[in-house]
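Notes for the structure review
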Amino acid sequence: MVSATSPSDNSSSARLAPRRDPELSSADGRRVALLTLGCARNEVDSEELAARLHADGWQVTTDGEGADVVVVNTCGFVEKAKQDSIQTLLAAADTGAKVVAAGCMAERYGRELADSLPEAQAVLSFDDYPEIAARLDAVVAGERIGAHTPRDRRELLPLTPVSRRDRAVSLPGHGTPTRGVTETDEHTPAHLRQVLRRRLDTGPVASLKLASGCDRRCAFCAIPAFRGAFVSRTPDELLAEAEWLARTGVRELVLVSENSTSYGKDLGDPRALEKLLPQLAAIDGIVRVRASYLQPAETRPGLVEAIATTPGVAPYFDLSFQHSSEPVLRRMRRFGSTDRFLELLASARALAPEAGARSNFIVGFPGESRADYEELVRFLTEARLDAIGVFDYSDEDGTEAAGLSGKVSAATVKRRYDRLSSLADELCSQRAEERLGSTVEVLVDSVADGVVEGRAAHQAPEVDGSTTLVAPSGGGVDLAALRPGDLVRATVTATEGVDLVAVPDEMISAAPGATR
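Calculation criteria
- Residues numbered from 1 in each chain as written.
- Predicted model: local features only at pLDDT ≥ 70, side-chain atom pairs only at ≥ 80, totals over all residues.
- Heavy atoms only, no water.
- Axes fitted to C-alpha atoms, helices over the stretch in contact; angles between N-to-C directions.
- Helix = DSSP H or I, 4+ residues; strand = E, 2+ residues; numbered from the N terminus.
- Parallel < 35°, antiparallel > 145°, perpendicular 65-115°, else oblique.
- Left-handed = near helix turned anticlockwise from the far one by under 90°.
- Contact = heavy atoms within 4.5 Å.
- Nonpolar A, V, L, I, M, F, W, Y, C, P; charged D, E, K, R; others polar.
- UniProt positions renumbered as here; feature names shortened; annotations may be inferred.
- Buried < 20%, exposed > 50% of the residue type's maximum accessible area, 1.4 Å probe, protein only.
- Domains from an automatic or database assignment.
- Buried area = accessible area lost by both parts, 1.4 Å probe.
- Salt bridge = Lys/Arg side-chain N within 4 Å of Asp/Glu carboxyl O.
- Polar contact = N/O pair within 3.5 Å; in protein donor to acceptor, adjacent residues only side chain to side chain.
- Pairing = 2+ DSSP bridges.
- Core = buried A, V, L, I, M, F, W, Y, C linked by side-chain atoms within 4.5 Å.
- Phe/Tyr/Trp six-rings, centres within 6.5 Å; stacked < 30°, edge-to-face > 60°.
- Lys NZ or Arg CZ within 6 Å of the ring centre and 35° of its normal.

Details of the packing of helix 10 (residues 301-309) against helix 12 (residues 338-351)
Packing of helix 10 against helix 12 brings their axes to within 9 Å, and their N-to-C directions diverge by 40°. By the angle between their axes, helix 10 is oblique relative to helix 12. For the pair helix 10 and helix 12, the sense of crossing is right-handed. On helix 12, the residues that touch Val304, Glu305, Ala308 and Thr309 of helix 10 are Leu344, Ser347, Ala348 and Leu351. Among the residues forming the contact of helix 10 with helix 12, the class breakdown is five nonpolar, two polar and one charged.

Here it is as structure tokens:
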């Protein structure tokens, strides 16, 4: 648990004024700002909260200025994320608004966080989400809401996945409307289903939550204890939400969860994701579907083929390797090896030679030897990954790894981290250079001051670099006419680290409604 100390810099304050959607703040009435930290899954959860609050008359925004209440959807994954959450809560309190902590850190620490952070008027559990409007009404009225005592949320659902469907447990991002709902069943068309979500930005990309929770027991990870056991959303729910997102202008869907390769196991269909991908890609207006959070040990050949070859699905493999030394992976309670992982990547590239691949890695895990570390270096050198995240190991509350023997000294962890980070930068730059002269499909994300930024199929939002489009010397696409949401075919002409520079050659699909 981190202490509630004053922020050491202004990074949290900067989060209080992200890009605003004017539509969200045009009405009169109680005003709530939703500030989201952490992963894309939290962003989906915040948009469910926004829908619930809007339905109850709250004016919802992402700008803390002038808000009656600021709700911080916190991250509780690693120490730096927890400290960032604390700083954001303190910065929000400085605005004079009432402050509410929600999200993973709030769920994970509950009463302990409330006791150490008196600046927050409430610390909410996921169980409070269905009644979020009532909780904020109480906060505005000056009531102090008692914080929850954390519990292992895995214990709220049966051990057997297929037995979890009918249990009444709050699952953020899975909400369904409770007011004015027309009765539906599995035969109801997607466009007639109501969706409990309100977008908090206007960009052409949105995350779609496949599932919540995780059944894996990785020794370094505390997420299953506070996110709970794995529960899939049904295909009809996902298709309805995807169609709704498309009608709001979304062009790319990013499928998120704690473990996307488990999707469907509690629905009785382990191939559910393979079947869902082409259905999502066929939705009118959607030009790209991207799967993320894939577990290598669960990535079956059929899923590899679906991702690599389905039209409209990005040939992109976000694989959670974490390490490649077999002894370290066993201590992590994971499976695989350098050779198995290389074979998995080769199978994807055999189907889609330009497929993108990324992963994260932990250095300094308890018991990691010099030989283990060098095996990881061997893997990265041979893997040709487009993006690599490197984390230095540190003990996390409530994890098995925190109690393991064989801790690597802090000096050794830092040395290995610094070396691997430098190697990762070099290798990813080399991989980007391999794409020189190739043709990529770029989805335009933003156009500002004459600079057109987008992403190729191997570049996920925010984490994998971007592609800058530059004016062609001859024919091709008029750069000045491009708008967010356009999908263009472009030729890579230069690289800057992991980022690409490309000349647009052809419009593949213009964003609907844009004036040309």
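Re the UniProt feature "binding site: [4Fe-4S] cluster 1" (unreviewed entry) in the protein
Mapped onto the present numbering, the UniProt feature "binding site: [4Fe-4S] cluster 1" (unreviewed entry) falls on Cys39, Cys75 and Cys104. In terms of the greatest pairwise C-alpha distance, the residues named above, spread along 66 residues, form a tight cluster of at most 10.5 Å across. Within the secondary structure layout, Cys39 lies in the loop between strand 1 (31-36) and helix 2 (40-55). Overall, the relative accessible area of 23% leaves Cys39 in the partly exposed class. As for its position among the elements, Cys75 is in the loop between strand 3 (69-74) and helix 3 (79-93). For Cys75, a relative accessible area of 14% gives the class buried.

Examining the domain arrangement of the protein
By a frequent convention, interface size equals the accessible area lost on bringing the separate parts together. For the protein, the domain assignment lists domain 1 (31-154), domain 2 (167-433) and domain 3 (438-509). Relative placement of domain 2 and domain 3: their C-alpha centres are 25 Å apart. On the domain 3 side, the residues contacting the 19 residues of domain 2 number 22 residues. When the two sides are added together, the surface that domain 2 and domain 3 hide from each other amounts to roughly 1,500 Å², 58% of it contributed by carbon and sulfur. Our count for the domain 2 to domain 3 interface comes out at two salt bridges. Close ionic contact of Asp464 with Arg358 constitutes a salt bridge, the shortest N to O distance being 2.5 Å. Those elements that place two or more of their residues in the side of domain 2 that touches domain 3 are strand 9 (252-256), strand 10 (288-291), strand 12 (356-363) and helix 14 (410-433).

Things to note about the side chain of Ser232
Checked against the element boundaries, Ser232 lands in strand 8 (residues 231-232). Here the side chain of Ser232 touches Gly264 through a polar contact of 3.0 Å, landing on its backbone nitrogen.

Let's talk about the sheet that holds strand 5 (residues 122-123)
In space, the five strands of this open sheet follow the order 2-1-3-4-5, with parallel pairing throughout. Only two strands of the sheet have a single partner each, and these edge strands are strand 2 (59-61) and strand 5. Across five bridges, the pairing between strand 3 and strand 4 (residues 98-102) is parallel. Across the sheet, residue Val70 finds its bridge partner in strand 4, namely Val99. In the packing of helix 2 onto the sheet, contacts are made with strand 1, strand 2 and strand 3, and the angle to strand 1 comes to roughly 170°.

Some thoughts on the environment of Ser170
Along the chain, the position of Ser170 falls in the loop between helix 6 (132-140) and strand 6 (205-209). The exposure class of Ser170 is buried, given its relative accessible area of 16%. The spacing of Ser170 and Phe226 is 56 residues in sequence and 12 Å in space, taken between C-alpha atoms. Setting aside residues up to four positions removed in sequence, Ser170 forms contacts with Phe126, Asp127, Tyr129, Pro130 and Arg153. At 2.7 Å, the side chain of Ser170 forms a polar contact with the backbone oxygen of Phe126.

Let's talk about the sheet that holds strand 12
Within the open sheet, the three strands sit side by side as 11-12-13. Their pairing is parallel. The outermost strands of the open sheet, each flanked by one partner alone, are strand 11 (316-318) and strand 13 (387-392). Recorded for the sheet is a direction-independent mean angle of 10° between the axes of neighbouring strands.

Some points on the nonpolar core
Ranked by size, the top nonpolar core spans 69 residues in total, and within it Leu277, Leu280, Val289, Phe317, Phe379, Leu380 and Leu420 carry the most contacts. If sequence neighbours within four positions are ignored, Phe317 has contacts with Leu294, Val304, Ile307, Ala308, Ala348, Ala355, Gly356, Ala357 and Arg358. Residues Leu53, Trp58, Val69 and Cys104 belong to the second largest nonpolar core, which totals 26 residues.

Looking at the packing of aromatic side chains
Here the structure, examined in full by the defined rule, presents seven aromatic pairs. With centroids separated by 4.4 Å and ring planes inclined at 40°, the aromatic side chains of Phe321 and Phe341 adopt a geometry described as tilted. Separated by 20 residues along the polypeptide, Phe321 in the loop between strand 11 and helix 11 (326-331) and Phe341 in helix 12 bring together distant segments of the chain. In this structure Phe321 comes out as buried when scored by relative accessible area, which is 0%. With 5.5 Å between their ring centres and 75° between their planes, Phe365 and Tyr393 make a pair best called edge-to-face. You can see Phe365 sitting in the loop between strand 12 and helix 13 (370-383) and its partner Tyr393 sitting in the loop between strand 13 and helix 14, a full 28 residues away along the chain. There is no split in this pair, since Phe365 and Tyr393 are both buried. Counting every residue linked through ring pairs, the aromatic cluster contains Phe321, Phe341, Phe361 and Phe379. Here Arg41 stacks its cationic end above the ring of Tyr293, 4.7 Å away from the centre of that ring. Positioned over the ring face of Tyr316 is Arg290, at 4.6 Å from the centre of the ring.

Considering unusual backbone geometry
Even without glycine at this site, Arg333 takes up a positive phi of about 65°. Here Asp449, not a glycine, exhibits a phi torsion of approximately 55°, which is positive. Note on placement: Asp449 falls in the loop between strand 14 (439-448) and strand 15 (451-455). A residue is classified by how much of its surface remains accessible, and Asp449, at 81% relative accessible area, is exposed.

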